[in-house]
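# Notes for the structure review
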Amino acid sequence: MTPLYEGKAKRLWATEDPFTLRMEFKNDATAFNGEKKASFENKGRLNNAISNLIYGMLEKEGVPTHFVRQIDDTNVEVRKVTILMVEVIVRNIAAGSFCKRTGMAEGHEFSQPIIEFSYKSDELGDPLINDDYIREMKLATPEEMAHLRSAALKVNELLSAFFAKCGLRLVDFKLEFGRLLSDPSVIVLADEISPDGCRLWDLKTGERMDKDRFRRDLGNLMEAYEEVLGRVKQNLA
Ligand code: ADP
Ligand code: UDP
């Protein structure tokens, strides 16, 4: 069998149902637009588990997602979508490319969340774009953009509160949305929510509990993800 798609961190497989996919989490990690690569035992299992628990929580709170059910350690069944080629980034605290772009010190707390958009294109390095670019590039309609903004802010409120219970600060994160194949007028949250695409800092120690450990060679990446999973499980119970 060949996957429908093989990405940097996941594979997508067809199922008997044309409206459903199997999404497999790999152990591969990449950073800096794929320039830095490595593989970590258990990464696929940890991200699958964390993401599925978070999607289950978001669904319960009324956020429509692609999540159907966890199949096994590294596989999840999801509703097939046409991914909007817009990555939605929400920032609560200055870090990463925001600091590079502005010179602002890491750790500055914003008065309100910042939402930014980037064009999902590995070739171009996911450049920053805005609503006007998105309209003219026909990546999403203005109505869909209004929906993405309100959905991203709602997810931010729910996730920030949940991670705070877990003793973690949600610094920033990336979301992807898609139009359901079964009904393209419906947009749902797709892809994954895991420490690969969220910055999470320990509330007490400030320790990085996310992919920055890999980006910055801080070590103990899987130990941090395991700790995040443990806290997520504990606080959902
Ligand atoms: P990348 O494509 O950036 O290398 P991944 O390795 O995570 O990233 O690949 C997963 C791919 O699957 C991404 O391109 C993502 O947009 C896409 N995807 C996520 N959820 C769905 C879904 N429900 N239906 C269709 N595609 C999806
Ligand atoms: N992010 C992501 N995928 C991307 C770009 C960003 O998951 O292609 C996440 C990243 O993990 C961080 C947030 O989005 O939690 C903001 O990332 P930033 O723009 O600061 O990018 P960096 O250059 O630090 O990856």
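The structure this text deals with has already been given above.
In short, a report on the structure. (Residues numbered from 1 in each chain as written. Chains lettered and ligands numbered in written order. Predicted model: local features only at pLDDT ≥ 70, side-chain atom pairs only at ≥ 80, totals over all residues. Heavy atoms only, no water.)

### Things to note about the packing of aromatic side chains
Across all of its chains, the model carries 3 aromatic pairs by this definition. Relative to Phe-163, the ring of Phe-162 lies with its centre 5.9 Å away and its plane at 55 degrees, an arrangement referred to as tilted. Accessibility expressed as a relative area gives 5% for Phe-162, which makes it buried. Using a relative accessible area of 1% as the deciding quantity, one classes Phe-163 as buried. The aromatic ring of Phe-214 is capped on one face by Lys-36, whose charged end is 5.0 Å from the ring centroid. For the cation-ring pair, Arg-208 lies above Trp-201, with the distance from its terminal atom to the ring centre recorded as 4.0 Å. (Phe/Tyr/Trp six-rings, centres within 6.5 Å; stacked < 30°, edge-to-face > 60°. Buried < 20%, exposed > 50% of the residue type's maximum accessible area, 1.4 Å probe, protein only. Lys NZ or Arg CZ within 6 Å of the ring centre and 35° of its normal.)

### Remarks on the environment of Lys-80
Secondary-structure assignment places Lys-80 in the loop between strand S7 (75-79) and strand S8 (81-83). Residue classification places Lys-80 among the partly exposed residues on the basis of a relative accessible area of 25%. The sequence separation of Lys-80 and Ile-193 amounts to 113 residues, and the corresponding C-alpha distance is 17 Å. When near neighbours in sequence (up to four residues on either side) are disregarded, Lys-80 contacts Leu-4, Pro-18, Phe-19, Thr-20, Leu-21, Arg-179, Leu-180 and Leu-181. (Helix = DSSP H or I, 4+ residues; strand = E, 2+ residues; numbered from the N terminus. Contact = heavy atoms within 4.5 Å.)

### Side note on the side chain of Arg-213
Within the secondary structure, Arg-213 is located in helix H5 (residues 212-215). We classify Arg-213 as buried; its relative accessible area is 9%. Setting aside its immediate chain neighbours within four residues, Arg-213 contacts Glu-207, Arg-208, Leu-218, Gly-219, Asn-220, Leu-221 and Ala-224.

### Description of empty space enclosed by the protein
Under the defined criterion, the tally for this structure stands at 1 cavity of 30 Å³ or more. The computed volume of the largest cavity comes to approximately 30 Å³. Forming the walls of the largest cavity are Met-23, Phe-25, Ser-51, Asn-52, Tyr-55, His-66, Phe-67, Val-76, Val-78 and Asp-191. Listed by contribution, the elements that provide at least two residues to the lining of the largest cavity are strand S3 (20-25), helix H1 (43-60) and S7. For the lining of the largest cavity, the element with the highest residue contribution is H1, accounting for 3 residues. (1 Å grid on protein atoms, 1.4 Å probe; cavity = no way out; pocket = protein on both sides within 12 Å on 5 of 7 lines; lining within 4 Å. Points joined across faces, edges and corners; volume = space filled by probe spheres on them.)

### Some remarks on the site of ligand 2
In the neighbourhood of ligand 2, 15 residues make up the surrounding shell, with Arg-91, Ser-97, Asp-172, Arg-199 and Arg-215 lying closest. Within the backbone of Gly-197, an N or O atom sits 3.4 Å from an oxygen atom of ligand 2. Expressed as a share of its isolated accessible area of 510 Å², the protein-covered part of ligand 2 is 79%. Looking at side-chain class alone, the shell around ligand 2 contains 4 nonpolar, 3 polar and 8 charged residues. (Near = heavy atom within 4 Å. Polar contact = N/O pair within 3.5 Å; in protein donor to acceptor, adjacent residues only side chain to side chain. Areas by Shrake-Rupley, 256 points an atom, 1.4 Å probe, with all protein chains shown as cover. Nonpolar A, V, L, I, M, F, W, Y, C, P; charged D, E, K, R; others polar.)

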